[in-house]
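The residues making up each chain are set out below.
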Amino acid sequence: MLSKAEIGAKIRQLRQAKNKTQGDLGKVLGISYAAVSDIERGITDLTISDLYAIARFFEVPASDFLEGQGQHPSISFSQNRFAKDITPAEKKEADKAIRSFDELVLKKYKK
């Protein structure tokens, strides 16, 4: 799982790459630009719904904020107690399902 600071840095990087202001993102989340600054600096916790709103805003999979590019926390096998029971084929199938879910969410909520 990424830390608050890592998630915040990722949000800042996406925001700057898309030429958006903290105020733009704040409007989507219903918070002030100062609150967005706190998120980007890793001071403020985010809810899952906040992460999904941010993912929709930037048109990226929400799972990118949890484990990095295209990964999901439940698929982090090196830290999962069930890792020994998962075959490579099952992991590949699970990864595909997660990507499909992310694509569905993006499609549904894309503006």
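See the structure shown above.
In this text the structure is predicted, and so the values were computed from the model without any measurement.

**Student:** Requested: an account of the nonpolar core, with residues and values cited.
**Tutor:** Within the largest apolar cluster, 16 residues are counted, with the highest numbers of intra-cluster contacts made by Ile11, Leu25, Leu29, Ile54, Phe58, Val60 and Phe65. The set of elements that each furnish at least two residues to this core consists of α1 (4–17), α2 (22–29), α3 (33–40), α4 (48–58) and α5 (64–67). In terms of residues, this core owes the most to one element, α4, which gives 5 residues. Among all residues touching Ile11, those that are not within four sequence positions of it are Leu25, Ile39, Glu40, Leu46, Ile54, Phe58 and Phe65.

**Student:** How would you summarise the pattern of salt bridges if you had to cite specific residues and measurements?
**Tutor:** Summed over the entire model, instances satisfying the criterion amount to 4 salt bridges. With its nearest N and O atoms 3.6 Å apart, the salt bridge here joins Glu40 to Arg12. Residue Glu40 is located in helix α3, and its partner Arg12 is located in helix α1; the two are separated by 28 residues in the primary sequence. Residue classification places Arg12 among the partly exposed residues on the basis of a relative accessible area of 27%.

**Student:** Describe in detail the layout of surface pockets, supporting the description with residues and values.
**Tutor:** Approximately 150 Å³ is the volume found for the largest pocket. Every residue lining the largest pocket is counted, 12 residues in all, and those nearest its centre are Lys4, Ile7, Asp45, Leu46 and Leu51. At the level of secondary structure, the elements contributing two or more residues to the lining of the largest pocket comprise α1 and α4. Examining the composition of the lining of the largest pocket, we find that 3 residues originate from one element, α1, more than from any other. In the lining of the largest pocket, the residues fall into 8 nonpolar, 2 polar and 2 charged.

**Student:** Kindly report on the packing of aromatic side chains, identifying the contributing residues and their values.
**Tutor:** This structure, assessed with the given rule, holds 1 aromatic pair. On the basis of an interplanar angle of 70° and a centroid distance of 4.9 Å, the ring pair of Phe57 and Phe58 is categorised as edge-to-face. Relative accessible area serves as the criterion here: at 23%, Phe57 is assigned to the partly exposed category. Since its relative accessible area comes to 1%, Phe58 is described here as buried.

What counts and how
Residues numbered from 1 in each chain as written. Predicted model: local features only at pLDDT ≥ 70, side-chain atom pairs only at ≥ 80, totals over all residues. Heavy atoms only, no water. Core = buried A, V, L, I, M, F, W, Y, C linked by side-chain atoms within 4.5 Å. Buried < 20%, exposed > 50% of the residue type's maximum accessible area, 1.4 Å probe, protein only. Helix = DSSP H or I, 4+ residues; strand = E, 2+ residues; numbered from the N terminus. Contact = heavy atoms within 4.5 Å. Salt bridge = Lys/Arg side-chain N within 4 Å of Asp/Glu carboxyl O. 1 Å grid on protein atoms, 1.4 Å probe; cavity = no way out; pocket = protein on both sides within 12 Å on 5 of 7 lines; lining within 4 Å. Points joined across faces, edges and corners; volume = space filled by probe spheres on them. Nonpolar A, V, L, I, M, F, W, Y, C, P; charged D, E, K, R; others polar. Phe/Tyr/Trp six-rings, centres within 6.5 Å; stacked < 30°, edge-to-face > 60°.

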